[in-house]
Amino acid sequence: MYSALVVSSDGAFLARAARHVPIINQDIAVLTAAGAAEALAKLGGPDPVDVVVCDHRPPALDAFAFFRDLSRANDGRPFIIVADELSGEMAAQAFEQRMDYYVPRSGSSLNLYMDLAAKIVLCAERRRSELNRVLNERRMR
């Protein structure tokens, strides 16, 4: 089972993500947050979160600023940024900041949610295998 926190200032996007992603992959549970403050509260809450998906909608929600806040707090969870259009500059900025994936909304809605579901699983599995590797190294010592 995987858990993703979807953060967006767009209520319609939150509702569609919470509805479509679990339909595409039943192993994904989606939590939603309407802003950075609510997202930080949920990340510190009792529900486990494997991956953070953030909808970049400045000035209401700046995904880059939110990612920097998480990085400063040493939160190593995978981070996926979603943006309205395909932008090479934004993709380069996401790559430079070491975000896991950049997903543009261009194209059909179905493709967007299928892409998100696939990337959530990839991120969560990669993080789990890294945590297992670190744990096994500690055990070996």
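As shown above, the structure is provided for reference.
A short tour of the structure in this document, coming up.

With respect to a nonpolar patch on the surface
On the surface, a cluster of nonpolar side chains totalling about 270 Å² of accessible area is made up of Ile24, Leu110 and Met114. On the secondary structure map, Ile24 appears in helix H1 (residues 11-24).

Details of the packing of aromatic side chains
Tallying each qualifying case throughout the model produces three aromatic pairs. On the basis of an interplanar angle of 50 degrees and a centroid distance of 6.2 Å, the ring pair of Phe66 and Phe79 is categorised as tilted. With Phe66 in helix H3 (residues 63-72) and Phe79 in strand S4 (residues 79-83), this residue pair connects regions lying 13 residues apart in the sequence. Residue Phe66 is classed as buried on the basis of its relative accessible area of 2%. A residue is classified by how much of its surface remains accessible, and Phe79, at 1% relative accessible area, is buried. Among the aromatic residues, those joined into a cluster by ring pairs are Phe66, Phe67 and Phe79. One Lys or Arg, Arg105, reaches over the ring of Phe13 and ends 4.3 Å from the middle of that ring. Stacked on the ring of Tyr101, the Lys or Arg Lys119 has its end atom at 4.9 Å from the ring centre.

Thoughts on the environment of Pro22
With respect to the secondary-structure elements, Pro22 resides in helix H1. The spacing of Pro22 and Ala94 is 72 residues in sequence and 26 Å in space, taken between C-alpha atoms. Setting aside residues up to four positions removed in sequence, Pro22 forms contacts with Ala17, Ile28 and Val30.

Structural notes on the sheet that holds strand S5 (residues 101-104)
Spatial ordering of the open sheet is given by S2-S1-S3-S4-S5, a layout of five strands whose pairing is parallel. The open sheet has two edge strands, strand S2 (28-33) and S5, and neither has a second partner. Here the average twist between neighbouring strands, direction ignored, is 20 degrees. By the bridge criterion, four bridges tie S4 to S5 in an arrangement that is parallel.

Rules of the game
Note on numbering: residues in each chain are counted from 1, in written sequence order. For this predicted model, a pLDDT threshold of at least 70 governs which residues receive local features, and a threshold of 80 or more governs which side-chain atom pairs are given and counted, while totals over whole chains, interfaces and linings are taken from all residues. Each side-chain value is worked out from all heavy atoms of the structure, with water and hydrogens disregarded. Like-charged residues within 9 Å of one another, or nonpolar side chains (Val, Leu, Ile, Met, Phe, Trp, Tyr) within 5 Å, are grouped into patches, provided each residue has over 30% relative accessible area and no salt bridge. Throughout, the Shrake-Rupley method with a 1.4 Å probe supplies accessible areas, and for residues the shown protein chains are the sole cover considered. By convention in these notes, a salt bridge is any Lys or Arg side-chain nitrogen within 4 Å of a carboxyl oxygen on Asp or Glu. Secondary structure elements follow DSSP: runs of H or I no shorter than four residues count as helices, runs of E no shorter than two count as strands, and numbering proceeds from the N terminus. Between rings of Phe, Tyr and Trp, where Trp is taken as its six-membered ring, a pair exists when centres lie within 6.5 Å; planes separated by under 30 degrees are stacked, by over 60 edge-to-face, and by other angles tilted. Note on classification: 1.4 Å probe, protein chains only; a residue is buried when its accessible area is under 20% of the maximum for its type, exposed when over 50%, partly exposed between these limits. We call a charge positioned above a ring when the Lys NZ or Arg CZ atom is no farther than 6 Å from the ring centre and deviates by at most 35 degrees from the ring normal. Here a residue-residue contact requires only that any non-hydrogen atoms of the pair lie within 4.5 Å. By this definition, two strands are paired if DSSP reports at least two bridges between them. Angles here are taken between N-to-C directions and fall from 0 to 180 degrees, while the axes themselves are lines fitted to C-alpha atoms, restricted in helices to the stretch in contact.

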